[in-house]
Amino acid sequence: MPQPDAPSKRLFVALELPESLTRAVGEACRSLAHAHQLKWVAHEKLHLTLAFLGPTPPEAVGRVEAVLEACATPIAPFTLSLGGAGTFGRPSHPRVLWLAVDGELEPARALEASLARELALPKEHEAWTPHLTLARAKVRGGDVALARAAEAWPKLVLPPFRLEGATLFESVSGRYHALQRAPFLGR
């Protein structure tokens with residue numbers, strides 16, 4: 001008797017941030033949460049997304065892991081930093097509140113581009129915009145509260161952070177599970 005197909009895995013590739021940094025950003029989010037009723041991202045979920053694969057058949061996970069390793073290996077470790085807050089979407093109805101990512105962006109851009117090419121990912125936007133998502137609108141059409149939260153974002157002094165690899169995550173019931181960590185081994 002044939003076995004039913006195993007459910008797809010919801011996958012994405014991201015750069016993990018140091019826990020001390022995600023805690024500091026999380027505290028800043030909590031300081032604004034009482035005044036801005038938004039869908040805030042829990043600090044333990046903060047990451048820099050490189051590629052969203054979405055539902056992926058279990059039999060394709062091995063290929064994704066091999067592609068991630070092949071794309072990450074030639075990249076040398078690099079340093080990034082977080083900047084000010086901004087929003088995506090129409091100014092009157094933004095959909096996402098984010099923090100800018102600065103620093104050595106070329107290795108991150110090269111990795112994002114090679115993952116998109118090798119995994120044949122559909123292009124969502126003209127160019128990848130490195131950012132750290134902090135909150136989303138609760139309503140589908142966007143929410144001006146996101147713009148107010150961006151304006152109220154505290155001036156944080158956050159140290160630059162070094163990235164040593166990329167991680168393949170599976171999202172299960174709102175929790176992220178690392179399936180693979182691919183180190184940056186380039187020089």
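The paragraphs below set out a description of the structure included in this document.

Each value, and the rule that gives it
- Residues numbered from 1 in each chain as written.
- Predicted model: local features only at pLDDT ≥ 70, side-chain atom pairs only at ≥ 80, totals over all residues.
- Heavy atoms only, no water.
- Core = buried A, V, L, I, M, F, W, Y, C linked by side-chain atoms within 4.5 Å.
- Buried < 20%, exposed > 50% of the residue type's maximum accessible area, 1.4 Å probe, protein only.
- Helix = DSSP H or I, 4+ residues; strand = E, 2+ residues; numbered from the N terminus.
- Contact = heavy atoms within 4.5 Å.
- Salt bridge = Lys/Arg side-chain N within 4 Å of Asp/Glu carboxyl O.
- Expected span 1.5 Å × (residues − 1).
- Pairing = 2+ DSSP bridges.
- Axes fitted to C-alpha atoms, helices over the stretch in contact; angles between N-to-C directions.
- Phe/Tyr/Trp six-rings, centres within 6.5 Å; stacked < 30°, edge-to-face > 60°.
- Lys NZ or Arg CZ within 6 Å of the ring centre and 35° of its normal.

A look at the nonpolar core
- Counting 51 residues, the largest nonpolar core has Val13, Leu15, Val25, Leu80, Leu82, Leu115 and Phe184 as its most contacted members.
- With six residues, helix α2 (residues 61-72) is the largest single contributor of residues to this core.
- Apart from residues no more than four positions distant in its own chain, Phe184 is found in contact with Leu15, Ala72, Thr73, Ile75, Ala76, Pro77, Phe78, Leu111, Leu163, Glu164, Gly165 and Ala166.

A short note on the pattern of salt bridges
- Across all of its chains, the model carries six salt bridges by this definition.
- Linking Glu16 and Arg181 is a salt bridge whose minimum nitrogen-to-oxygen distance equals 2.8 Å. Highlighted residues: Glu16 in strand β1 (residues 9-16) and Arg181 in strand β9 (residues 175-183), separated in sequence by 165 residues.
- Overall, Glu16 belongs to the partly exposed group, its relative accessible area being 29%.
- A relative accessible area of 55% means that Arg181 is categorised as exposed.

Describing helix α3 (residues 105-118)
- Taking 1.5 Å of rise per residue, 14 residues should cover 20 Å, and α3 covers 20 Å from first to last C-alpha, within 8% of that figure.
- Those residues of α3 that sit buried are Leu105, Ala108, Leu111, Glu112, Ser114 and Leu115.
- Ala120 occupies a position one or two residues after α3 and carries a positive phi of about 50°.

So, the sheet that holds β1
- The strand order across the open sheet built from four strands is β3-β1-β8-β9, with neighbouring strands paired in antiparallel fashion. Looking at which strands have only one partner, the edges of the open sheet turn out to be β3 (47-56) and β9. Strand after strand, the sheet turns through a mean of 25° between neighbouring axes, direction not considered.
- As judged from the four bridges shared by β1 and strand β8 (residues 165-172), these two strands associate in the antiparallel manner. Following the sheet pairing, Phe12 is matched in β8 by Phe169.
- Strands β1, β3 and β8 of the sheet are contacted by α3, whose axis makes an angle of about 10° with β3.

As for the packing of aromatic side chains
- Going through the model one piece at a time under the given rule, you end up with five aromatic pairs.
- Taking 5.2 Å as the distance between ring centres and 20° as the angle between the ring planes, the aromatic pair formed by Phe12 and Phe169 counts as stacked. Pair noted here: Phe12 is in strand β1 and Phe169 is in strand β8, with a separation of 157 residues, a long-range link. Take Phe12 and Phe169: they sit in the same class, and that class is buried.
- Centre to centre, the rings of Phe169 and Tyr176 are 6.4 Å apart; their planes meet at 55°, and the pair counts as tilted.
- On the basis of relative accessible area, Tyr176 is assigned to the partly exposed category, the value being 32%.
- Put simply, the rings of Phe12, Phe169 and Tyr176 pair up and form one aromatic cluster.
- Between the NZ or CZ atom of Lys45 and the centre of the ring of Tyr176, over which it lies, the distance is 5.3 Å.

Looking at the sheet that holds strand β2 (residues 39-40)
- If you trace the five strands from one edge of the open sheet to the other, you get β2-β6-β5-β4-β7, paired in antiparallel fashion. Whereas interior strands pair on both sides, the edge strands pair on one side only; in this sheet they are β2 and β7 (161-163).
- The pairing of strand β4 (residues 78-90) with strand β5 (residues 93-103) spans nine bridges and is classified as antiparallel. Residue pairing for β5: Ser81 is matched across the bridge by Asp102.
- Those strands touched by helix α4 (residues 144-152) are β2, β4, β5 and β6 (131-136), and its axis lies near 30° from that of β5.

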